[in-house]
Amino acid sequence: MSQPLVKKDDDRDDEAEYSPFLGIEKGAVLQEARVFNDPQLDARRCSQVITKLLYLLNQGETFTKTEATEVFFSVTKLFQSRDLGLRRMVYLIIKELSPSADEVIIVTSSLMKDMNSKTDMYRANAIRVLCRITDGTLLTQIERYLKQAIVDKNPVVASAALVSGIHILQTNPEIVKRWSNEVQEAVQSRAALVQFHALALLHQIRQNDRLAVSKLVTSLTRGNVRSPLAQCLLIRYTSQVIRESGNNTQSGDRPFYDYLESCLRHKSEMVIFEAARAITELNGVTSRELTPAITVLQLFLSSSKPVLRFAAVRTLNKVAMTHPMAVTNCNIDMESLLSDQNRSIATLAITTLLKTGNESSVDRLMKQITNFMSDIADEFKIVVVEAIRSLCLKFPLKYRSLMNFLSNILREEGGFDYKKAVVDSIVILIRDIPDAKESGLLHLCEFIEDCEFTYLSTQILHFLGVEGPKTSDPSKYIRYIYNRVHLENATVRAGAVSTLAKFGAAVDELKPRIFILLRRCLFDSDDEVRDRATLYLNTLGGDGSVVETDKDVKDFLFGSFDIPLVNLETSLKNYEPSEEAFDIDSVPREVKSQPLAEKKAPGKKPTGLGAPPSGPPSTADAYERLLLSIPEFANFGKLFKSSEPVELTEAETEYAVNVVKHIFDRHVVFQYNCTNTIPEQLLEDVIVIVDASEAEEFSEVFSKPLRSLPYDSPGQTFVGFEKPEGLSIAGKFSNVLKFIVKEVLVPFILGTHCGFSLC
């Protein structure tokens, strides 16, 4: 039955309802494939069946060897059809099925016949398919035809041969390198796509020879590259040569930079933008060199094309991080983008303005942002909040208007990540701007009255306990804190009790009042709240006298707790009551992975936006001591930050692995916490092989394997990388866990793949 027509701009809550492939099954499609064997072929129906087969393959559906073979032999019978559309579908399905070496022979003669056909469409597609499914032996036989195809007058055939060469280069580079003369000739082609593909292939052939690449770029920048696509490629290759040679900051004759600047006057907008972006990304570029690039980007800001506006404002946003003064001339144009229908453009515009604006423009920007915030998603709001925080640190005298703005958006609807970003910004401003402390703390107090996230409430209470007693009038915060004891859940109530105790220990005038409030907490319905109240009353002295010295009390309440809570819990469970008191110094400080039983227990892990991080804040010092105890990492300097553990495997897998990322100034250390869950096996020489091919700025400097990993005994293996100093860079790392399994004294190697991103 035909589906109703739907206009393109109609909202579609469920795209699946409009999919022509909804509900198709592999078995049914394989039954339909019998149509390929009909004496009278129906080209339209055959094309529809092939389309369904291609859909299944691209959705990850796998065919058995028998199923794939049957489909392949059925499809080969369709070569007898003269329908152009069906023939193109046949080429596609053969390429996707990737037949075995024995099966390739069946279609080789048909494809070679098509490769010499007078129909250009046949020739181009036959070349693509042959180069995709054949091995090096057959390639040598058809190499002569491929060379001829590269310089063919028909651009479709030439591009097909060049693209095939790019693919072949990965598996049979020695064959493709013999085509240099033909590819060099194709670079001079008048066809845009041919020139583009030829330049890409020629660069890949020479990419391992830096001098050859430099000569290629030099010759082409002096010549006439007609294709805008090829020109964009040439601009990228030129930037690469400049970076590798390091001559972009030299005075005098600079042909490469002059070429980039000349591309700013090209008639193609694509080439102009590529050149402008390349100039802004040059190392050590000066403000004078940036000026022509900034000028053309400013023109793009007022373009009628959204893609140009987005590209320009995104590039200017990056430039503002290193050269904010160079972007100030574009501020008026960017202010007009705040009302842009594309919210991504508007968000980039406002964050760029916040980076480049001066102190006098802060109030005006705040008024514009207020209306802007309600129209964007949370992820965009977080970007704006971080930019506002940076602006406030840049102009501390404007903290009142910026703090009021952050307070107002806290009261609006939003998810956990968004609210946490706002709270974190307020906390940073309180710590870095002394005048903002009291107003900021009051804003946080007002927020927790309506805060729906337990984790944020407890973190704010903890921060209040540290900073509140240092203000001129600490008593005004007591009401907000004590209200949490009556109006919140048990976790927040316990946090409020701890915060009250900190006020009592730090402010002598508040002690009597705190004692009264803590005594009331002794009747709470929750054990944790009652226990904390009892502990703090005994510590402070419930009768008005301090049981311990002021120093001991403050160390107990405000000192850093450098013992992992998991280790403390384990030690307490193992402690046997005796006349000898429990010695906290006996608790090991070494960080351990989550116990296996707890990891596998269902329902143990908190969920939801308010879920606290899996590791306690006090583990930071323990991480640093652990890394310093390893000689290879001891000279990395001070640990800047450690991430929360990121699970790399599912909870039900045989080998559980999570990673903690430790950030130093010039290094990154990955700590892989591994657990063996198989009682009958012992793992030895456990190591993680990290693939950093998608993180080019990082270079591996050390890897520390784990010699032995018994059952249910967590252990760590480490990999260290060096990164550029002081730069904020991102990379994607793929990981392979390798180890030796010993079972009944028979060793063999296994591997488990896992991956994560570093941002």
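Residues numbered from 1 in each chain as written. Predicted model: local features only at pLDDT ≥ 70, side-chain atom pairs only at ≥ 80, totals over all residues. Heavy atoms only, no water.

K.L.:
Is there a simple way to think about the overall build of the chain in this case?
P.N.:
Each helix and strand counted, the chain has 34 helices and ten strands in total. Split into buried and exposed, the 759 residues of the chain put 46% on the buried side. Taken as a whole, the chain presents about 39600 Å² of accessible surface, with 51% of it coming from carbon and sulfur. (Helix = DSSP H or I, 4+ residues; strand = E, 2+ residues; numbered from the N terminus. Buried < 20%, exposed > 50% of the residue type's maximum accessible area, 1.4 Å probe, protein only. Areas by Shrake-Rupley, 256 points an atom, 1.4 Å probe, with all protein chains shown as cover.)

K.L.:
I would appreciate a short explanation of the packing of aromatic side chains in the present structure.
P.N.:
Applying the stated rule across the entire model yields 14 aromatic pairs. Each ring, one from Phe-416 and one from Tyr-455, has its centre 6.0 Å from the other, and the planes form 55 degrees; the classification is tilted. Residue Phe-416 is found in helix 24 (residues 416-432), and its partner Tyr-455 is found in helix 26 (residues 454-467); the two are separated by 39 residues along the sequence. Exposure remark for Phe-416: the relative accessible area of 9% places this residue in the buried category. For Tyr-455, a relative accessible area of 13% gives the class buried. Grouped by ring-pair contacts, the aromatic residues Phe-633, Phe-636, Phe-664, Phe-702 and Phe-718 constitute a single cluster. Sitting over the face of the ring of Tyr-145, Arg-144 holds its NZ or CZ atom 4.6 Å from the ring centroid. (Phe/Tyr/Trp six-rings, centres within 6.5 Å; stacked < 30°, edge-to-face > 60°. Lys NZ or Arg CZ within 6 Å of the ring centre and 35° of its normal.)

K.L.:
How should a nonpolar patch on the surface be read in this particular structure?
P.N.:
Nonpolar side chains collect at one region of the surface, where Leu-193, Leu-229 and Met-270 lie side by side and expose about 240 Å² of accessible area between them. Mapped onto the elements of the fold, Met-270 is located in helix 15 (residues 269-280). (Patch = residues over 30% accessible without salt bridge, like charges linked within 9 Å, V, L, I, M, F, W, Y side chains within 5 Å. Salt bridge = Lys/Arg side-chain N within 4 Å of Asp/Glu carboxyl O.)

K.L.:
Sorry if this is basic, but what is going on with unusual backbone geometry here?
P.N.:
When glycine is set aside, most residues are seen to have a negative phi, and most peptide bonds are trans. Not every positive phi belongs to a glycine, and Asp-685 is a case in point at roughly 50 degrees. Taking relative accessible area as the criterion, Asp-685 reaches 36% and is therefore assigned partly exposed.

K.L.:
Quick question: what am I supposed to make of the environment of Val-307 here?
P.N.:
With respect to the element layout, Val-307 can be found in helix 17 (residues 306-322). Given a relative accessible area of 60%, Val-307 falls into the exposed group. Taking the C-alpha atoms as reference points, Val-307 and Ile-345, separated by 38 residues in sequence, lie 9.2 Å from one another.

K.L.:
What am I meant to see in the side chain of Arg-493 here?
P.N.:
As for its placement among the helices and strands, Arg-493 is situated in helix 28 (residues 490-506). For Arg-493, a relative accessible area of 11% puts it in the buried group. Residues in contact with Arg-493, not counting those within four places in the same chain, are Arg-484, Val-485, Glu-488, Asp-524, Ser-525, Asp-526 and Val-529. (Contact = heavy atoms within 4.5 Å.)

K.L.:
Please explain helix 25 (residues 437-448) as it appears in this structure.
P.N.:
Across its twelve residues, helix 25 extends 17 Å between first and last C-alpha, which sits within 8% of the 16 Å expected from 1.5 Å per residue. Buried residues belonging to helix 25 abut helix 23 (399-410), helix 24, helix 26 and helix 27 (478-487). (Expected span 1.5 Å × (residues − 1).)

K.L.:
Where do I start with the packing of helix 22 (residues 378-394) against helix 24 in this structure?
P.N.:
Two packed helices can be described by the angle between their axes and the distance between those axes. Their axes nearest at 9 Å, the elements helix 22 and helix 24 cross at an angle of 5 degrees. Between helix 22 and helix 24, the angle is such that the two are roughly parallel. Listed contacts from helix 24 to Asp-378, Lys-381, Ile-382, Val-385, Arg-389, Cys-392 and Leu-393 of helix 22 are Asp-417, Tyr-418, Ala-421, Val-422, Ser-425, Ile-428, Leu-429 and Asp-432. In terms of residue class, the contact of helix 22 with helix 24 is made up of nine nonpolar, one polar and five charged. (Axes fitted to C-alpha atoms, helices over the stretch in contact; angles between N-to-C directions. Parallel < 35°, antiparallel > 145°, perpendicular 65-115°, else oblique. Nonpolar A, V, L, I, M, F, W, Y, C, P; charged D, E, K, R; others polar.)

K.L.:
Teacher, can you tell me more about the confidence of the model for the chain here?
P.N.:
Low-pLDDT stretches of the model should not have their predicted coordinates read in fine detail. Per-residue confidence for the chain gives a mean pLDDT of 80; residues scoring 70 or more make up 86%. Here helix 33 (residues 596-600) stands out as the least confident element of the chain, with mean pLDDT 43; helix 15 is the most confident, with 93. Note that residues 248-253 has pLDDT below 50 and, in this model, ten contacts with residues that lie over four places away or in other chains. Under a pLDDT of 50 for its full length, residues 593-618 has, in the predicted model, 38 contacts with residues more than four places off or in other chains. (pLDDT = per-residue confidence, 0-100.)

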